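Take a look at the letters that make up each chain.
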Amino acid sequence: MIAMIFEFRVDQETPGVREEYQRASAELRGLLQGVAGLHSVERFESTIDPGKYVTIAYFESEEAVAAWRNRPEHRKAQALGRSRFFLDYRLVMAKVVRDYGPHDRTQTPADSRAVHG
């Protein structure tokens, strides 16, 4: 599994940019359901730093990431982000080492299972 962490800052000063970003983002959101190998995606806005966002997505494989990255609609949104919406951004792509929670403890480290069950 691949985790995508995308941190970005949307221009809050230029009139209409934030609203234009939100419209473009909503259009992309509609395409996400059809992306094979995309497990989930969520976007969060900072409560202490207006205009700063983090999007976290989980993909099944590098092939699923490439399929999303290369969709024409996504490429168009990337270009808009770079040229108009984003003051700054950082993209981190990481291979997931472990993935567990209270209901699926399959990948929990043995030392943690010994202490917490």
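Above this text you will find the structure in question.
Residues numbered from 1 in each chain as written. Predicted model: local features only at pLDDT ≥ 70, side-chain atom pairs only at ≥ 80, totals over all residues. Heavy atoms only, no water.

For this particular structure, what's the right way to read the nonpolar core?
Buried together is how nonpolar side chains tend to be arranged in soluble globular proteins. With 21 residues, the main nonpolar core has Phe-8, Phe-59 and Phe-86 as its most contacted residues. Elements represented by at least two residues in this core include exactly strand 1 (2-10), helix 1 (17-32), strand 3 (52-59), helix 2 (62-69) and helix 3 (72-85). Contact partners of Phe-59, with chain neighbours within four places excluded, come to Met-1, Ile-2, Met-4, Gly-37, Leu-38, His-39, Ala-64, Val-65 and Trp-68. (Core = buried A, V, L, I, M, F, W, Y, C linked by side-chain atoms within 4.5 Å. Buried < 20%, exposed > 50% of the residue type's maximum accessible area, 1.4 Å probe, protein only. Helix = DSSP H or I, 4+ residues; strand = E, 2+ residues; numbered from the N terminus. Contact = heavy atoms within 4.5 Å.)

Just checking my understanding: could you explain the sheet that holds strand 4 (residues 86-95) for this structure?
Think of a sheet as strands paired side by side through backbone hydrogen bonds, with each pair either parallel or antiparallel. Strand order in this open sheet of four strands is 2-3-1-4, and the pairing throughout is antiparallel. Each of the sheet's edge strands pairs with one partner strand only, and the pair in question is strand 2 (38-45) and strand 4. Each neighbouring strand pair of the sheet contributes to a mean axis angle of 10°, computed without reference to strand direction. Note that strand 1 and strand 4 share nine bridges and pair antiparallel. By the bridge assignment for strand 4, Met-4 is matched with Met-93. Against the sheet, helix 3 contacts strand 1 and strand 4, and its axis sits at roughly 140° relative to strand 4. (Pairing = 2+ DSSP bridges. Axes fitted to C-alpha atoms, helices over the stretch in contact; angles between N-to-C directions.)

Looking at this structure, I do not really get the packing of aromatic side chains. What am I missing?
We describe a pair of aromatic rings using the distance from one ring centre to the other and the angle between the two ring planes. Applying the stated rule across the entire model yields 10 aromatic pairs. Between Phe-86 and Tyr-89 the ring centres are 6.3 Å apart and the planes differ by 55°, which places this aromatic pair in the tilted class. Look at Phe-86 and you get buried, because its relative accessible area is 17%. (Phe/Tyr/Trp six-rings, centres within 6.5 Å; stacked < 30°, edge-to-face > 60°.)

What am I meant to see in the pattern of salt bridges here?
Any two side chains of opposite charge can pair, so long as their charged atoms come close to each other. Enumeration over the complete set of coordinates arrives at five salt bridges. Note that Glu-20 and Arg-84 form a salt bridge whose closest N and O atoms lie 2.5 Å from each other. Residue Glu-20 is found in helix 1, and its partner Arg-84 is found in helix 3; the two are separated by 64 residues along the sequence. Look at Glu-20 and you get partly exposed, because its relative accessible area is 22%. A salt bridge links Arg-71 to Glu-73; the shortest N-O distance between them is 3.4 Å. When its relative accessible area of 24% is taken as the criterion, Arg-71 is described as partly exposed. Assessed through its relative accessible area of 36%, Glu-73 is described here as partly exposed. (Salt bridge = Lys/Arg side-chain N within 4 Å of Asp/Glu carboxyl O.)

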